[in-house]
Amino acid sequence: MKKKIATLTLVLLVGALVGVVIVSAQQPQPAQGPEQPRPPHPPMDPLGDAMFPPELIMQHTRDLNLTDEQKTFMRAEINRTTTRFNELQWQLQDAMEALHTAMKENTVNEQQALAQLDKVLDTEREIKRLHFGLAIAIKNKLTVEQQTKLHAMMQMHMQMQMHGPDGGPGRGPGGPGGPGPGGPPPGQRPEGNLEPMK
């Protein structure tokens with residue numbers, strides 16, 4: 001009896017969490033202007049210093065002196081991963097809707113709800129594994145010198161976020177000197193130099 005009550009409590013908690021996630025995902029996000037405060041930074045990624053975001057590499061292909069072979073490999077891996085990710089997102093959405101439907105019943109079928117929860121968790125696990133696999137594949141294609149440059153770029157980026165470009169509090173993309181409201185248009189340097197930004 002206690003086991004059934006504990007399981008039912010767990011299912012109800014998961015259902016409530018799923019409901020909150022679904023509702024919050026459907027809420028429109030307010031547009032952020034330059035006068036609105038930025039939300040707090042997400043917690044530090046424990047593997048952040050060991051992996052490189054693909055977008056950072058793509059933004060700095062020249063600075064990193066990527067070879068044509070490296071670029072071709074990375075494009076193919078990113079395209080493959082993106083395609084599979086989109087498939088998994090649809091699968092996850094379907095599984096979440098089915099779980100939500102099961103949890104809305106007045107009397108929840110425990111086995112059905114837990115089986116549906118397993119489908120959600122399995123899909124989320126596959127998504128995380130897919131992203132991790134991409135990060136590993138990309139890192140393994142980079143030379144030690146390229147990895148060192150990326151570490152330096154990541155450190156500079158983190159310092160800019162924490163302290164801002166002028167040493168003051170970080171203002172983010174819309175702050176002074178950054179693209180967006182209050183900053184120069186994309187591709188133009190803050191000093192008025194019209195050379196494209198890297």
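Residues numbered from 1 in each chain as written. Predicted model: local features only at pLDDT ≥ 70, side-chain atom pairs only at ≥ 80, totals over all residues. Heavy atoms only, no water.

Peer 1: What is the right way to look at the overall build of the protein in this model?
Peer 2: Each helix and strand counted, the protein has 5 helices and 0 strands in total. Secondary structure elements of the protein, listed N to C terminal, follow the sequence α-α-α-α-α. Expressed as a percentage of the 198 residues in the protein, the buried residues total 25%. Long-range contacts, defined as pairs at least 24 residues apart, comprise 65% of the intrachain contacts of the protein with a sequence gap of at least 6. When the accessible surface of the protein is split by element, carbon and sulfur atoms take 59% of a total near 14500 Å². (Helix = DSSP H or I, 4+ residues; strand = E, 2+ residues; numbered from the N terminus. Buried < 20%, exposed > 50% of the residue type's maximum accessible area, 1.4 Å probe, protein only. Contact = heavy atoms within 4.5 Å. Areas by Shrake-Rupley, 256 points an atom, 1.4 Å probe, with all protein chains shown as cover.)

Peer 1: Would you take a moment to explain the packing of aromatic side chains for this structure?
Peer 2: In this description, a pair of aromatic rings is defined by centroid distance and the angle of the planes. Per the counting criterion, the structure on display carries 0 aromatic pairs. Residue placement shows Lys 141 over the ring face of Phe 73; its charged tip is 4.9 Å from the ring centre. (Phe/Tyr/Trp six-rings, centres within 6.5 Å; stacked < 30°, edge-to-face > 60°. Lys NZ or Arg CZ within 6 Å of the ring centre and 35° of its normal.)

Peer 1: Even after reading the chapter, I still don't get the nonpolar core, so can you show me in this structure?
Peer 2: The nonpolar side chains of a soluble globular protein tend to be buried with one another. If you look at the biggest cluster of nonpolar residues, it comprises 13 residues, and the most contacted ones within it are Ile 57, Ile 138, Leu 142 and Leu 150. Examining the composition of this core, we find that 3 residues originate from one element, helix α5 (residues 144-163), more than from any other. (Core = buried A, V, L, I, M, F, W, Y, C linked by side-chain atoms within 4.5 Å.)

Peer 1: It is not clear to me how the pattern of salt bridges should be interpreted in this structure. Could you clarify?
Peer 2: Two side chains carrying opposite charge are able to pair once their charged atoms lie near each other. Under the criterion given, the structure shown has 6 salt bridges. Between Glu 69 and Lys 141 there is a salt bridge; the shortest N-O distance is 2.7 Å. On the criterion of sequence distance, the pair formed by Glu 69 in helix α3 (residues 68-104) and Lys 141 in helix α4 (residues 110-141) is long-range, its members being 72 residues apart. With relative accessibility at 27%, the residue Lys 141 sits in the partly exposed group. Here Arg 84 and Glu 126 are joined by a salt bridge, their closest N and O atoms 2.6 Å apart. With a gap of 42 residues between them, Arg 84 in helix α3 and Glu 126 in helix α4 connect regions that are remote in the sequence. A relative accessible area of 27% means that Arg 84 is categorised as partly exposed. Residue classification places Glu 126 among the partly exposed residues on the basis of a relative accessible area of 31%. (Salt bridge = Lys/Arg side-chain N within 4 Å of Asp/Glu carboxyl O.)

Peer 1: Explain α4 here, please?
Peer 2: For an α-helix the count is 3.6 residues per turn, leaving residues at separations of three or four pointing the same way. Here α4 is 32 residues long and its end C-alpha atoms lie 47 Å apart, about the 46 Å a rise of 1.5 Å per residue gives. Within the sequence span of α4, burial applies to Ala 113, Gln 116, Leu 117, Val 120, Thr 123, Ile 127, Leu 130, Leu 134, Ala 135, Ala 137 and Ile 138. Structurally, the start of α4 carries an N-cap: the backbone nitrogen of Gln 111 is 3.2 Å from a side-chain oxygen of Asn 109. (Expected span 1.5 Å × (residues − 1). Polar contact = N/O pair within 3.5 Å; in protein donor to acceptor, adjacent residues only side chain to side chain.)

Peer 1: Which parts of the structure should I look at to understand unusual backbone geometry?
Peer 2: As a rule of thumb, non-glycine residues mostly have phi less than zero, and peptide bonds are mostly trans rather than cis. The phi dihedral of Asn 65 is positive, around 55 degrees, even though this residue is not glycine. Secondary-structure assignment places Asn 65 in the loop between α2 (54-59) and α3.

Peer 1: Can you walk me through the side chain of Thr 123 in this structure?
Peer 2: Inspection of the secondary structure puts Thr 123 in helix α4. Within polar-contact distance, the side chain of Thr 123 engages the side chain of Gln 91 at 3.4 Å. Excluding residues that lie within four positions of it along the chain, Thr 123 makes contacts with Leu 88, Gln 91 and Leu 92.

Peer 1: What should I look at first to understand the packing of α3 against α4 in this one?
Peer 2: Angle between the axes and distance between the axes are the two parameters that describe a pair of packed helices. For the pair α3 and α4, interaxial distance at closest approach is 9 Å and the crossing angle is 170 degrees. With respect to α4, the axis of α3 lies roughly antiparallel. Of the residues that constitute the contact of α3 with α4, the class distribution is 20 nonpolar, 7 polar and 8 charged. (Axes fitted to C-alpha atoms, helices over the stretch in contact; angles between N-to-C directions. Parallel < 35°, antiparallel > 145°, perpendicular 65-115°, else oblique. Nonpolar A, V, L, I, M, F, W, Y, C, P; charged D, E, K, R; others polar.)

Peer 1: Looking at this structure, I do not really get α3. What am I missing?
Peer 2: Over its 37 residues, α3 extends 53 Å from the first C-alpha to the last, a length consistent with the 54 Å expected when each residue adds 1.5 Å. Those residues of α3 not exposed but buried are Gln 70, Met 74, Glu 77, Ile 78, Thr 81, Leu 88, Leu 92, Ala 95, Met 96, Leu 99, Ala 102 and Met 103.

Peer 1: Help me out: how do you make sense of the side chain of Gln 70 in this one?
Peer 2: Looking at the secondary structure, you find Gln 70 in helix α3. A relative accessible area of 5% means that Gln 70 is categorised as buried. Within polar-contact distance, the side chain of Gln 70 engages the backbone nitrogen of Thr 67 at 2.9 Å. If we ignore the near neighbours within four places in the chain, the residues touching Gln 70 are Asn 65, Lys 141, Leu 142, Thr 143 and Gln 146.

Geometry only, nothing functional implied.
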